[in-house]
Amino acid sequence: MSPFNFLMLTLLSMFYYICLRRRSRSGTRGEALTSRRAVESGQRAVLPVSVEVEQYAKEVLDFSSHYGSENSMSYTMWNLAGVPNVYPSSGDFTQTAVFRTYGTWWQQCASAPPPFIRVPKGFYSQEYIELAFEEPVYPTAVEVLETYYPGAIVQILACSHNPFSQNPPTDVRAHQSTNTQARQFSPTIKHINFPTNLLRLEVNSSLLEYYTELDAVILRGVKERPMLALYKMPIIDINDLSDSEEELSDVGIPFKQEEEKMGNGYFDKLPYELIQLILSHLTLPDLCRLAQSSKLLQQHCCDPLQYTQLSLQPHWARLSDASLGHLQSRCTLLQRLNLSWTGNRGALSLTGFSSFLKACGQSLVCLELSCCHFLNEACLEVVSQTCPRLQELNLSSCDRLSPQAFTHICKLPHLRKLVLYRTKIEQTALLSILTFCIELRHLNLGSCVRIDDSDVVASMLAARCHSLCSLDLWRSRNLTDRGLAELASGCKMLEELDLGWCPTLQSSTGCFQQLARSLPRLRKLFLTANRSVCDSDIEELASGCPSLQHLDILGTRLVSAASLKKLLQSCTRLRLLDVSFCSQIDMRTVQELSGQFPNVSIKKSFTQ
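Quick caveat: nothing in here was measured; it's all calculated off a predicted structure. (Residues numbered from 1 in each chain as written. Predicted model: local features only at pLDDT ≥ 70, side-chain atom pairs only at ≥ 80, totals over all residues. Heavy atoms only, no water.)

Help me understand the sheet that holds strand 15 (residues 442-444) in this model?
Spatially, the 12 strands line up as an open sheet ordered 10-11-12-13-14-15-16-17-18-19-20-21, and their pairing is parallel. The strands lining the two open edges of the sheet, one partner per strand, are strand 10 (309-311) and strand 21 (601-603). Ignoring strand direction, the axes of neighbouring strands in this sheet form an average angle of 5 degrees. Pairing between strand 17 (residues 496-498) and strand 18 (residues 524-526): three bridges, direction parallel. Counterpart to Asp-498 in the pairing with strand 18 is Phe-526. (Pairing = 2+ DSSP bridges. Helix = DSSP H or I, 4+ residues; strand = E, 2+ residues; numbered from the N terminus. Axes fitted to C-alpha atoms, helices over the stretch in contact; angles between N-to-C directions.)

This is the structure we're talking about:
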């Protein structure tokens, strides 16, 4: 072939490829993909066009909490599977998915944990739900149908069942909405380089004034890899040095001789304590990066005093046994540890978890393990053996732990706070815990459906836990006036009591009036969905509980505006009052009371 012919052939090939590139920008994704493959294989572009697939969630895989019961569909996360039940209607509907909390009210309670230090400023998530779809696709759009108080979603993640292949296609930060009307939320998403049929929605309910309600999630995408994904794109990947566990492991790398000779500049002249104070404001990834800059800063960044508190929840997608291993030598003085959401789909093992606690558990007083599905009985046994000073333990939504696993908690005699929300704990194990853990001040038994007799539990609490400050019995199915009376007489220090959706409590027995007379320190009382609450109960609360701040009487038919006004006048510290679905309290009454008592947030949901 002559040089001229070779040059012409090269130019024609380049021109043809440029035409294909331009066509891919103006044509469909399928045409672009087909053309690219045709160029690479030397074949004609005859493959079919890739069609966009639209699909609703097939299954709810995991979630952190929900308002509903474990034995029904009302207000549960399982309502997010399938086609919409409510949309485009707006309002409070039982067929939607609702998280357990909203607003900042829960954070104001004595039972709320203090915030951890070093939490990245961009991490807003408080709750999550994971959804599976039928077909793996390269996402082109994600749509969330929000039917009441939209705006709580702060992040959407496209995940793989491989725990090391998770990429966030969209990052929706603090997208607050003041509108209560239904909407179709369609954020702009990032392209990812793997097909997914697993989406994770992360939510911050504190952004909203009331419960957010979700109806359905739509995933749109193509089965063939889009043209944009064939090129190197700037994506956020779990193996990226900027956010991966490699940052947590490179601290121990020795420095070269040239770097040692350069010295540490002005840092040599600063007091050790001052450098420590400066470094205390860095996030964990930044601390790990800084440790690689000089030997002096490596020494400061590895000082155990920098790791008395450690929240690994923001890094849940990247945490592994290796991560814990690299942090282990620095956490010998660790007092508060947050591993919530971590270790799922095989990222953490019993070996890695046990090794870390054996090295770092001696000084531990707070351990957060919410939604840690890697936990098993052996893990809780390790906790009981290696954390002798533990005072706070959170196992919220660890619903895959066997009932036998909870028997090891009774070996932690210094426990002051225990969260067992949505776990499979049974009555025998719980009574054993209450027998030995007499210093308990905060106990959450919400949605613990395997407790056979709540009256026996209440009686044991009254006999053993006289310092109890908060008790959550949300959706207790068998608590009666007898158990409540014993509880009120034995636990005089109670400030928070959640009796929401306890159907066996009846006002006609006088149990609520006796409660108000026995607990003058009460600051929070939830009587949600108890239709028997009446004016006499409200008036007794007004006279007996002057410190009351939060009251929920949603669903009662027997409370009048007059008794509510008396309550608002007497309880001057009241800040939250939920009268949703109270048949005698209409919107006009709510507006009048809100005008007279502007410091109180009076809630009244509606159904359109």
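Would you explain the packing of helix 15 (residues 535-544) against helix 16 (residues 561-570) in this entry?
Two quantities define a packed helix pair, namely the angle between the helix axes and the distance between the axes. Packing of helix 15 against helix 16 leaves a shortest axis separation of 8 Å and a crossing angle of 10 degrees. In terms of their interaxial angle, helix 15 and helix 16 are classed as roughly parallel. Listed contacts from helix 16 to Asp-535, Ile-538, Glu-539, Leu-541 and Ala-542 of helix 15 are Ser-563, Leu-564, Lys-566, Leu-567 and Ser-570. Among the residues making up the contact of helix 15 with helix 16, the classes are represented as five nonpolar, two polar and three charged. (Parallel < 35°, antiparallel > 145°, perpendicular 65-115°, else oblique. Contact = heavy atoms within 4.5 Å. Nonpolar A, V, L, I, M, F, W, Y, C, P; charged D, E, K, R; others polar.)

In this structure, what is going on with the packing of aromatic side chains? I would like to understand it.
Where two aromatic rings form a pair, the distance of their centres and the angle of their planes describe that pair. The full count for this structure, using the stated rule, is 17 aromatic pairs. Between the aromatic rings of Tyr-67 and Trp-501, the centroid separation amounts to 6.1 Å while the plane-to-plane angle is 90 degrees, which identifies the pairing as edge-to-face. In this pair, Tyr-67 sits in the loop between strand 2 (59-63) and strand 3 (97-98) while Trp-501 sits in the loop between strand 17 and helix 14 (511-518), placing the two residues 434 residues apart along the sequence. Relative accessible area serves as the criterion here: at 28%, Trp-501 is assigned to the partly exposed category. Centre to centre, the rings of Tyr-128 and Trp-341 are 5.0 Å apart; their planes meet at 70 degrees, and the pair counts as edge-to-face. Taken as a pair, Tyr-128 in strand 4 (residues 127-148) and Trp-341 in the loop between strand 11 (336-338) and helix 9 (350-360) lie far apart in primary sequence, 213 residues in all. Like Tyr-128, the residue Trp-341 is buried in the burial classification. Site record: aromatic cluster; members linked through ring pairs are Tyr-67, Tyr-75, Tyr-102, Trp-106, Tyr-148, Tyr-149, Tyr-210, Tyr-211, Trp-474, Trp-501, Phe-526 and Phe-606. (Phe/Tyr/Trp six-rings, centres within 6.5 Å; stacked < 30°, edge-to-face > 60°. Buried < 20%, exposed > 50% of the residue type's maximum accessible area, 1.4 Å probe, protein only.)

That is the geometry; function is a separate question.
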